[in-house]
Amino acid sequence: MRRSEKHFSQKQAVNSDYAKSSYHRGHLYPFDFNECSQKASCTLTNAIPMIGNDNQLWFHNAEYYIKKLADKCNNNSREMYVVTGSANYTGGKMKNRVVVPGLIWSAACCTSSGMPGMLSSTPVTPVNTKVDFSVAYMKELLSGKKGTRISVRQLQRTLNVRIFNQCRGTNQTDEAENDRVVIALLEELRNAGSKRKRPSQQINQQRVFPRKSNSK
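Residues numbered from 1 in each chain as written. Predicted model: local features only at pLDDT ≥ 70, side-chain atom pairs only at ≥ 80, totals over all residues. Heavy atoms only, no water.

A.B. asks: What am I meant to see in unusual backbone geometry here?
C.D. replies: Apart from glycine, the bulk of residues carry a negative phi angle, and the bulk of peptide bonds sit in the trans form. Of note, Lys20 is a non-glycine position whose phi angle comes to about 55°, a positive value. Relative to the helices and strands, Lys20 resides in the loop between helix H2 (15-18) and strand S1 (24-27). A positive phi angle is found at Lys95, which is not glycine, with a value near 55°. Structurally, the position occupied by Lys95 is in the loop between strand S4 (93-94) and strand S5 (98-99). (Helix = DSSP H or I, 4+ residues; strand = E, 2+ residues; numbered from the N terminus.)

The following block contains the structure:
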């Protein structure tokens with residue numbers, strides 16, 4: 001282990017942890033979203049252990065669409081906030097020190113009302129309510145399964161955390177309408193890219209929850 005690796009290895013994973021293992025460095029926050037995520041990926045602070053083609057599946061089923069939705073959001077004078085993470089730790093460790101997760105997830109909020117993660121003493125009414133939206137993706141690791149589009153509300157219930165305090169589509173009253181907006185946006189992306197080969201996303205043609213639900 002090089003001297004620089006010895007210095008950092010007490011706080012984070014290093015290249016030698018992945019050497020001669022069945023795991024490779026998978027991106028946590030999307031690699032090409034900004035320069036910071038690229039640098040963090042190279043230093044492994046933005047990497048988690050993955051096997052097989054999990055990293056490629058996550059890109060094709062989730063990261064690609066989040067990036068395109070973010071572009072649409074920003075082009076309409078709004079801001080996209082993306083939160084991503086891993087969960088469901090398997091109990092396994094790389095080199096007996098780097099924990100291996102069983103799940104990766106991302107949640108995105110496109111809003112015109114300011115940072116969705118901040119609490120406010122007064123309710124904030126979005127300026128462009130009809131075009132604000134939220135979307136989430138989740139994928140089981142160590143399985144080769146594809147990423148799945150779900151609502152942010154569903155993801156928050158799965159993780160038992162509150163990701164966004166204020167964002168359209170994160171509560172039961174506007175979840176269904178938000179889903180229709182996301183489906184329409186994804187359909188626009190599919191039509192725009194119909195002349196180019198892109199990963200199929202048939203799951204986006206389906207509702208991610210029933211029309212009517214009595215769940216809280």
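Additional details are given in the paragraphs that follow.
A.B. asks: Looking at this model, I keep getting lost on the packing of aromatic side chains. Mind explaining?
C.D. replies: Between two aromatic rings, the relevant description is the distance of the centres plus the angle of the planes. Per the counting criterion, the structure on display carries two aromatic pairs. A ring pair is formed by Phe59 and Tyr64, whose centres lie 6.4 Å apart and whose planes are at 70°; its orientation type is edge-to-face. According to the relative accessible area criterion, Phe59 is partly exposed, its value standing at 31%. Judged by its relative accessible area of 12%, Tyr64 falls in the buried class. (Phe/Tyr/Trp six-rings, centres within 6.5 Å; stacked < 30°, edge-to-face > 60°. Buried < 20%, exposed > 50% of the residue type's maximum accessible area, 1.4 Å probe, protein only.)

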